[in-house]
Amino acid sequence: MADPAEFAGRVALVTGAAGQGIGQAVARRLAAGGARVVVTDIHPGPTRSWTPSPRRWVLCGSWSTTRR
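Our subject in this report is the structure included herewith. (Residues numbered from 1 in each chain as written. Predicted model: local features only at pLDDT ≥ 70, side-chain atom pairs only at ≥ 80, totals over all residues. Heavy atoms only, no water.)

### What to know about the overall build of the chain
Now for step 1: Secondary structure summary: the chain contains 2 helices and 3 strands in total.
Now for step 2: Ordered by position from N to C terminus, the α and β elements of the chain give β-α-β-α-β.
Now for step 3: For the chain, the residues scored as buried account for 32% of the 68 residues in total.
Now for step 4: Within the chain, counting contacts between residues at least 6 apart in sequence, those at least 24 apart form 44% of the total.
Now for step 5: On the chain, roughly 4800 Å² of surface is accessible, and the fraction owed to carbon and sulfur atoms is 55%. (Helix = DSSP H or I, 4+ residues; strand = E, 2+ residues; numbered from the N terminus. Buried < 20%, exposed > 50% of the residue type's maximum accessible area, 1.4 Å probe, protein only. Contact = heavy atoms within 4.5 Å. Areas by Shrake-Rupley, 256 points an atom, 1.4 Å probe, with all protein chains shown as cover.)

### Considerations on the pairing of strand 1 (residues 11-15)
Along any regular strand the residues' side chains alternate between the sheet's two faces.
Now for step 1: Only one face of strand 1 is covered, namely the face carrying Ala12 and Val14; the face carrying Val11, Leu13 and Thr15 is uncovered.
Now for step 2: As judged from the 5 bridges shared by strand 1 and strand 2 (residues 36-40), these two strands associate in the parallel manner. Directly across from leucine 13, in strand 2, lies its bridge partner valine 38.
Now for step 3: Running through helix 1 (residues 22-32), the crossover from strand 1 to the neighbouring parallel element strand 2 is right-handed. (Pairing = 2+ DSSP bridges. Right-handed = clockwise from strand over helix to strand, strands pointing away.)

Structural data, given as structure tokens:
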């Protein structure tokens, strides 16, 4: 069980959080520990579907590092 004050007052940026893998798990764990979590992914739609309370989460749009 997460200590709700473990990451209190901290902000975390988690990339690759759209799937059901490690990105999502890390984001959920940080939020459970009291962090404010910024999540982003190249596919933002699935990320929107699981991010809970907007008081603890911020959803960023997608971006790409490839050259055009």
